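Here's the letter readout for the chains.
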Amino acid sequence: MSYLASIHPASAVRHAIKANFLAPDESSLLVAKSNRVEVYAFAIDGLSLRTTFTVYGVVVALLKLRPETSPTDHIFILTDRHDYFVISWEPEKKTIRNEKYAEDVADRFLRDSPAGIKYIADPAGRMLGIHSYEGTFLALPLIQPITDKRKRRKTGAVCVAGELEGHYPIKMQDLMVIDIVFLHSTDHPALAVLHQGNGPDSAILSTYKVVFGGGTWELQPWETSAPPLEQEGRMLIPVPEPLGGVMVIGDSKISYFPAQEEGLGVFHRVAEPTRFVAWGKIDAQRFLLSDNTGKLQLLFLDVDANEKVLEIKIETIGQASIASQLIYLDNGHVFIGSSKGDSQLIKLSAKDPRCEIIQISPSLAPILDFQVISTGHSSGDEQQNLYSSGQTSIVTGCGGFHAGGLRSVKSGVGLKDLAILGDMMGVKKLIPLGVTLQNPFHDTLLVSFIDETRAFRFDDEGEVEELDSFNGFAMEEETLAACLLSDERLLQVTPSRIRIVDATGGMVHSEYVSDSKIVAADVNCDLLVCNFGNTTLAVFNLGGNADEIVEVGRRTFENEISCLFALSNYPLVCAVGFWTSSAVALLSLPGLKTLAEESLGGDVTVPRSIAIATIVEGQSPTLLVAMGDGTLVTFSTNDNWTLSQKKSISLSTQAFSFQLIQRDEGLSVFASSANPSLIYSDGGHIMYSAVTAENVSYLAPFNAQGFPNSVVLVANGEVKISTIETTRNSHYKTLRMGDVVRRVAYSKERQLYGIVTIAAWQTFPTVNERHTCFVRIVDDYEFSVVNSYELEPNELVESIICVQLGDWDGKKTDKFLVGTGKIPDYADMEDGNSECKEGRLLIFEISEARKLLLLAELKLKGGVKCIDMVGEDIVIALNKTIEVYSYQFAMHGKQFLQKLASFRCHSEPQDIGVTGNHICVADLMKGPSLLSYSRTPMPTLTEISRAYGTQWSTAIDMIDANTLVNADAEGNLSIWSRDTTLLSEDQQQQQRLSRTGELHLGQMINRIRRIPDVSEHHATPNAVLQPCAYLATVDGGLFLLAKIAEDKTQLLLQLQANLAQVVRGVGGLAFDEWRGFVSPARVMDGPFRIADGDFVMRFLELDDDAAKGVVEGTGGGGAMPLNKSVEEVRSLVESLKTFH
């Protein structure tokens, strides 16, 4: 029924580890991002991605172990479902190998630890440990060498030293654990446990040794102890040998306690109290600390000659991302993994700058809000308005604390600049030329202007020199066409002449001087096609060694010619477009007879560029027509050159031109414009992707020895040489705010973003946070702040939308509506009362000078959590109620808001969505409900349907009038429907929302945005999927939710079920268990009527035998035949790649 496609992977880094995973002599960095693990190789110039793999579960722990028989490290992985397994790298097959299949260590009768899951490894390689439940420590001892007496208990089993022996839960007397670590240089595995004392303001450090005795593992008190730490403890750092011991990191004090020396310690008072959030070890005496503002500090243990710690020194070395992981790699390089912003690779130095950023890995985490900005509207094509096409950008308010900002993410093909030739305004054409046909490299570039031609010569090293003249060419005119002919002569076509010269000496062989102006020209093998005076086409034969240029065809048309295309790939045909009739035609060569003609109905726009290209290998050529309004029209051709299967898609807002590029992946077509696109083949389908460059007026293939397989282009008046990326990637445009961007709105009328931001800072010595909030407007094109409006002290912004409201003269203009709440006093918050008792609804307009002007405000008894429009009225969500207001004018012209209706929610509304007169509400505890708003005879809000049961909702929106999509705090996505076909007397059943789909995403969804016009009326004919909503998560993931066509629903759902019986995840984890709905009250064994697009794509990875088994349903379980061939299923799945 629904299809979920990942369009941007999760980017929050919460876990990372350095290990010799890929090779014995090569260090790798393993980074966990939600349920995906990326493996990087490290070099001085940065990190390079070597491989990635998906885990059917959110990764919550990464540890390494080295079995005695393995040349590389094995990786221990724990998931959020408490399944653990061990993997290694198979170098011959370049794939993951399961060393130990998943074992479930969950215990639903125990209470989760409030500090989260802590995972640790004994430095001596004797044990791994997990603390995830209060009062329990899970010991995972490693098999020790043969001298270990415990090895004898493994009689009859093949045991390898260094492998996991098993898992053993051990009771702990310490509850409310803050942190836990293994200590260095101990006879037995020893734990240091930092836990809360008798009161919330006290912390206690205890140590234990983990011993085996009496047939069980247990904790026994150990030597190291410390005095009560009050509230100073947040993290523990085990100190390596030869020092040993442990450090306790607090907000204002750092303490060091040596091993086996009771009551002794070294203390350091922090100059400016701060909240440390991560640490990383450089060596036995140096450690890195990161606080919640991203400040990096170096901690140094000063020791005497006897290796006894004398003093703790700490100094600030720089500013970076807020770290969740600090991994020292080598040679002063440190990886900073962040879940609040970009991850970074930095270089430490003893000189300024002490901290230098070497590489940045962009992250969207956490996404608090977003807007979908579409640059095109297509018809008759499945790729309409898709993120993958590059025609849609997603602008997110993301990042935490000082890393907050506005970031636009767009899918597209990147251009990497290699060299800049110079600023050249008015370039009409770029023409690369070679010396001989046997030499594939270009050595000359002609740059054509309206009144001259310039020539540039490139040597083998890439050095360039401008030439005063070039081989007898007419340099004082614009060059319309030039090429190397088959007999190694050079052709030049200018508005006044056709000239053929010798390629080496420059002697003119022949010349044709025209009485009328040559407007355009193109070369097809030895035939030259010229447009004379916009109405006449003439064909000239350039073959042979004749001294004359022979005309072999001519035709005059009634309508003026707007564009021309002729290429050697298709020697018998050329294509033309016409101004007045807005038609395109295919003409035979050299006779210029009409083979096919099609009117494009251009009352408003006409063809401006035209091309023929075989984009999909094995298929017939495609005719591409660029219209003046930025629309691309395509036709399929056949052997007789007739036109069929007309399709159109908007690639730009203005005219563009085509250039054909031969790449390793096949023939592609580049569309030059202000927002250029690349048209290429992928999986047997024509794809359209945006290109990262802007304002490209012309591009041509360029293959010089110094710049092989490149392109030369004109962009923003600059001529440069670049390479085109081979794959489509996400590209980012960032506005760093330094504030948290809470909500985002967009005014299409004014081309402005409206954002509300929160600036936070800490007060000392209490380390409490204070806030100042702003309403800001950001220019869409320049991506810079235009104006800001500061809110009242202690006023917290909650929401913003852009709507059209009337002015006093009745004209409607875009206005921003902002909702706020008053932050309670700290005394009230300490009493557990954090609810906003007051709030305001503000209405801003944008002046001609682009300033924010406050038109009206309404004080309310509660924070305004959400705002939307229901018809002409404003609907808001307060602490307990949903209320509707009208925007009106008083007699004197002053604006005011009048309350019309109200509805009290079951607990607290978190989000709302509106379609027509229906309002869906995401209740904090009771899940989704559906309200109906009626304005006559009197305004009323009525609950017409709701879900029964407990569901902690986080986001909601409506797909249509009776269907909504809801997300909860457990990482589940559910789709609900209201059945309107039931008899009216069955009111009880009508009031119950029916769950029509559910899936466990594993990431908490912060925001859902419905795609407008997804009704049947606007659906693309014969489309397998119809996009209906975008979803954004805390981990920085973006997803597309789509409806599956009725005739394909059962096929895709059954394909997923069949795949689940064949494809197993790493560690042997099952797909169904991972994607099944999960909550404290209910756990399902698989997804319900939602197809996971990423999992369906795995069908393309199967070999023929495995694919046949999936199609025939021979995998057992719930597998059933699909009644399709393998080729049909593969073609269907290939077509779905356009949605990812």
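Residues numbered from 1 in each chain as written. Predicted model: local features only at pLDDT ≥ 70, side-chain atom pairs only at ≥ 80, totals over all residues. Heavy atoms only, no water.

A word on unusual backbone geometry. With omega at 15°, the peptide bond leading from Glu-241 into Pro-242 counts as cis. In this chain, Asp-352 is followed by Pro-353 through a cis amide linkage whose omega measures -5°. Here Pro-353 lies in the loop between strand S28 (343-348) and strand S29 (355-361). In this model, Asn-716 sits at a positive phi of 55°, which is unusual for a non-glycine residue. Counting through the fold element by element, Asn-716 comes out in the loop between strand S58 (710-715) and strand S59 (718-736). Asn-716 sits in the exposed class, given a relative accessible area of 55%. (Helix = DSSP H or I, 4+ residues; strand = E, 2+ residues; numbered from the N terminus. Buried < 20%, exposed > 50% of the residue type's maximum accessible area, 1.4 Å probe, protein only.)

Quick look at the side chain of Ser-847 now. Along the chain, the position of Ser-847 falls in the loop between strand S66 (839-846) and strand S67 (852-860). A residue is classified by how much of its surface remains accessible, and Ser-847, at 15% relative accessible area, is buried.

Turning our attention to the sheet that holds strand S22 (residues 276-281). If you trace the four strands from one edge of the open sheet to the other, you get S22-S23-S24-S25, paired in antiparallel fashion. The open sheet is flanked by S22 and strand S25 (309-319), the only strands paired with a single partner. Neighbour-to-neighbour, the strand axes of the sheet open up by a mean angle of 25°, direction not taken into account. Relative to strand S24 (residues 295-303), strand S23 (residues 286-291) is paired through five bridges, and the arrangement is antiparallel. Residue pairing across strands places Leu-289 opposite Gln-297, the latter belonging to S24. (Pairing = 2+ DSSP bridges. Axes fitted to C-alpha atoms, helices over the stretch in contact; angles between N-to-C directions.)

This part is about the nonpolar core. Grouped together as the largest cluster of nonpolar side chains are 66 residues, with contacts concentrated most on Tyr-3, Phe-21, Phe-53, Leu-1025, Leu-1052, Leu-1055 and Phe-1099. The dominant element in this core, judged by the number of residues it contributes, is helix H3 (residues 1046-1062), at six residues. Beyond its immediate chain neighbours, meaning those up to four positions away, Leu-1052 contacts Tyr-3, Val-1024, Leu-1025, Ile-1044, Leu-1132 and Leu-1136. The next biggest cluster of nonpolar side chains, apart from the first, holds 34 residues, and it includes Cys-563, Phe-565, Ala-575 and Ala-626. (Core = buried A, V, L, I, M, F, W, Y, C linked by side-chain atoms within 4.5 Å. Contact = heavy atoms within 4.5 Å.)

Attention now goes to the state of the cysteines. The tally for this structure, following the rule as stated, stands at zero disulfides. No disulfide involves Cys-866; its nearest neighbouring cysteine sulfur is the one of Cys-905, lying 9.9 Å away. Note on Cys-866: relative accessible area 7%, which makes it buried. Free of any disulfide, Cys-1028 has its nearest cysteine sulfur in Cys-920, 13 Å distant. (Disulfide = S-S within 2.5 Å.)

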